[in-house]
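Tertiary structure, described
Each chain, letter by letter, is given below.
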Amino acid sequence: MALATRTDRPPSLIGSVWRSTVGKKAVMAVTGMIMLAYLVAHVVGNLKVFFGAGEFNHYGHWIRTVGEPFLHYEWFLWMARAALGTAVVLHGVAAYQLSRRDLAARPQKYARKRQRASYATRTMRWGGVILGLFIVWHVLDLTTLTVNPNAEEGRPYENLVASLDRPAVTAFYIAAMLALGLHIRHGFWSAAQTLGANSARRERVLKFLADALALVLTCGFIAVPVGVLTGVVS
Ligand code: HEM
């Protein structure tokens, strides 16, 4: 009886989109774009480190007071965190489910021989895992300050320099940023195809845009650990 009631109910639009392969790809594309927008803002903010502690810490304070007095202290930041957190989770879950679906759809003999996924697919999967681990470490390091050697509330500049003064951490940051560049390059291109933005001419433009975005973001992010490593930022 209970089964009959469940099957009688028409599936919701959101449920149907989420269950379909193309729907999951669209979710990945849209959430990827949201994260990309965040990264563009984040890299611009990070580069302020080259203007000294005063300017960088002032920027850190500003993020927490955006929208005041209409918004309360940190409300804007929490809204951004909620949107970003939702995007990261949806992106990761859809990626995992799509890869399971892809594996299940392969003919048995390929599945048994563990047919190798393409270079791009492997790069995206491993890049995604590295970035997931990086985000967890990064938030513990510079937001909650749990693993930060300086851990001074309201002093992001000093916390950043203290963190990147550890060679192993600097190496991890640089490796993660290289993975980020590859992930953005392929991800942006895939998203453009999923969202149907390809014709011969547009294809060339989008490929160029994907390369340029990946390069600018990777160099911009890597500049900070390199700046600390070389003593330009101290
Ligand atoms: C070398 C590269 C990076 C540096 C130097 C850096 C620096 C920072 C700093 C200083 C903060 C703390 C800001 C504050 O509390 O005022 C922060 C927060 C954060 N960063 Fe990064 N970041 C880098 C790359 C990334 C990347 C690639 C991602 C995402 C994939 C990312 C995601 C985040 C997130 C989610 C937060 C927490 C924001 C919050 O909730 O307060 N960062 N980053």
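Since the model is a prediction, treat every value here as computed from it, not as a measurement.

1. Re the overall build of the protein chain
The secondary structure content of the protein chain amounts to ten helices and zero strands. Each helix (α) and strand (β) of the protein chain, taken in turn from the N terminus, gives the series α-α-α-α-α-α-α-α-α-α. Every one of the 234 residues in the protein chain was classed for burial, and the buried ones make up 31%. Here the contacts in the protein chain between residues at least 6 apart in sequence split such that 66% fall between residues at least 24 apart. For the protein chain, the accessible surface area stands at approximately 14,900 Å², while carbon and sulfur atoms represent 68% of it. Distance from the positive charge centre (25 side chains) to the negative charge centre (12 side chains) of the protein chain: 20 Å.

2. A word on a nonpolar patch on the surface
Judged by side-chain polarity, Leu-47, Phe-50, Phe-51 and Val-232 come together as a nonpolar surface patch covering roughly 400 Å² of accessible area. As for its placement among the helices and strands, Phe-50 is situated in the loop between helix 3 (21-47) and helix 4 (53-65).

3. Concerning the site of the ligand
Taken together, 22 residues form the shell around the ligand, and within it His-42, Asn-46, Arg-64, Arg-81 and His-138 come nearest. For the ligand, an oxygen atom lies 2.5 Å from a polar atom in the side chain of Arg-81. Residue assignment for the shell around the ligand shows that the elements contributing at least two residues are helix 3, helix 4, helix 5 (75-104), helix 7 (119-142), helix 8 (156-164), helix 9 (167-194) and helix 10 (200-229). Looking at the shell around the ligand residue by residue, the classes come out as 15 nonpolar, five polar and two charged.

4. Examining the layout of surface pockets
Looking at the second largest pocket, its volume works out to about 220 Å³. Around the second largest pocket, the lining residues are Tyr-119, Ala-120, Thr-123, Leu-182, Arg-185, His-186, Trp-189, Lys-207, Ala-210 and Asp-211. Among the secondary structure elements, those contributing two or more residues to the lining of the second largest pocket are helix 7, helix 9 and helix 10. At four residues, helix 9 tops the list of elements feeding residues into the lining of the second largest pocket. When the residues that make up the lining of the second largest pocket are grouped by side-chain class, the tally is five nonpolar, two polar and three charged.

5. Description of the UniProt feature "transmembrane region" (unreviewed entry) in the protein chain
The positions that UniProt labels "transmembrane region" (unreviewed entry) are, in the present scheme, residues 26-45, 75-98, 119-140, 168-188 and 208-233. A distance of 29 Å separates the end C-alpha atoms of residues 26-45, which is 100% helix and 0% strand. Note that residues 119-140 is 100% helix and 0% strand, and that its end C-alpha atoms are spaced 32 Å apart.

6. Section: the coordination of the iron atom of the ligand
Within the protein, the atoms that donate to the iron atom of the ligand are His-42 (NE2) and His-138 (NE2), at distances of 1.9 to 2.0 Å. Taken together, the six donor atoms coordinating the iron atom of the ligand and their angles of 84 to 180° define a geometry best described as octahedral. Taken together, the residues span a long stretch of sequence, with His-42 in helix 3 and His-138 in helix 7 at a distance of 96 residues.

7. Looking at helix 8
An α-helical segment advances 3.6 residues per turn. Residues three or four places apart therefore align on the same side. Along helix 8, the residues classified as buried are Tyr-157, Asn-159, Leu-160, Val-161, Ser-163 and Leu-164. On the buried face of helix 8, the contacting elements are helix 4, helix 7, helix 9 and helix 10.

8. With respect to the environment of Val-226
Here Val-226 is to be found in helix 10. On the accessibility criterion, Val-226 (34% relative accessible area) is partly exposed. Here the alpha-carbon distance between Val-226 and Ala-171, two residues 55 residues apart in the chain, equals 9.7 Å.

9. Thoughts on the nonpolar core
Core analysis: the largest hydrophobic core is formed by 30 residues, its most contacted members being Val-49, Leu-164, Met-177, Leu-180, Ile-184, Leu-217 and Phe-221. At the level of elements, helix 3, helix 4, helix 7, helix 8, helix 9 and helix 10 are the ones that each hand at least two residues to this core. Among the elements that take part in this core, helix 9 stands out by supplying nine residues, more than any other. Setting aside residues no more than four positions away along its own chain, Ile-184 makes contact with Leu-36, Leu-39, Ala-214 and Leu-217.

10. Observations regarding the packing of aromatic side chains
In total, this model carries five aromatic pairs according to the counting rule given. Their ring planes at 50° and their centres at 6.2 Å tell us that Phe-56 and Tyr-59 sit as a pair that is tilted. On the criterion of helical spacing, the pair formed by Phe-56 and Tyr-59 is a turn pair, its members being three residues apart in helix 4. Tyr-59 carries the same exposure label as Phe-56, and that label is buried. Relative to Trp-62, the ring of Tyr-59 lies with its centre 6.4 Å away and its plane at 20°, an arrangement referred to as stacked. Note that Tyr-59 and Trp-62 are positioned in helix 4 at a spacing of three residues, about one turn of the helix. Residue Tyr-59 is classed as buried on the basis of its relative accessible area, which comes to 17%. Overall, the relative accessible area of 49% leaves Trp-62 in the partly exposed class. Taken together, the ring pairs in this structure connect Phe-56, Tyr-59, Trp-62 and Tyr-157 into an aromatic cluster.

What counts as what
Residues numbered from 1 in each chain as written. Predicted model: local features only at pLDDT ≥ 70, side-chain atom pairs only at ≥ 80, totals over all residues. Heavy atoms only, no water. Helix = DSSP H or I, 4+ residues; strand = E, 2+ residues; numbered from the N terminus. Buried < 20%, exposed > 50% of the residue type's maximum accessible area, 1.4 Å probe, protein only. Contact = heavy atoms within 4.5 Å. Areas by Shrake-Rupley, 256 points an atom, 1.4 Å probe, with all protein chains shown as cover. Lys, Arg positive; Asp, Glu negative; His and termini not counted. Charge placed at Lys NZ, Arg CZ, Asp CG, Glu CD. Patch = residues over 30% accessible without salt bridge, like charges linked within 9 Å, V, L, I, M, F, W, Y side chains within 5 Å. Salt bridge = Lys/Arg side-chain N within 4 Å of Asp/Glu carboxyl O. Near = heavy atom within 4 Å. Polar contact = N/O pair within 3.5 Å; in protein donor to acceptor, adjacent residues only side chain to side chain. Nonpolar A, V, L, I, M, F, W, Y, C, P; charged D, E, K, R; others polar. 1 Å grid on protein atoms, 1.4 Å probe; cavity = no way out; pocket = protein on both sides within 12 Å on 5 of 7 lines; lining within 4 Å. Points joined across faces, edges and corners; volume = space filled by probe spheres on them. UniProt positions renumbered as here; feature names shortened; annotations may be inferred. Donors = N, O, S within 2.8 Å, 3.2 Å for Na, K, Ca; no water. Tetrahedral: all angles 85-135°; square planar, octahedral: opposite > 155°, others 65-115°. Core = buried A, V, L, I, M, F, W, Y, C linked by side-chain atoms within 4.5 Å. Phe/Tyr/Trp six-rings, centres within 6.5 Å; stacked < 30°, edge-to-face > 60°.

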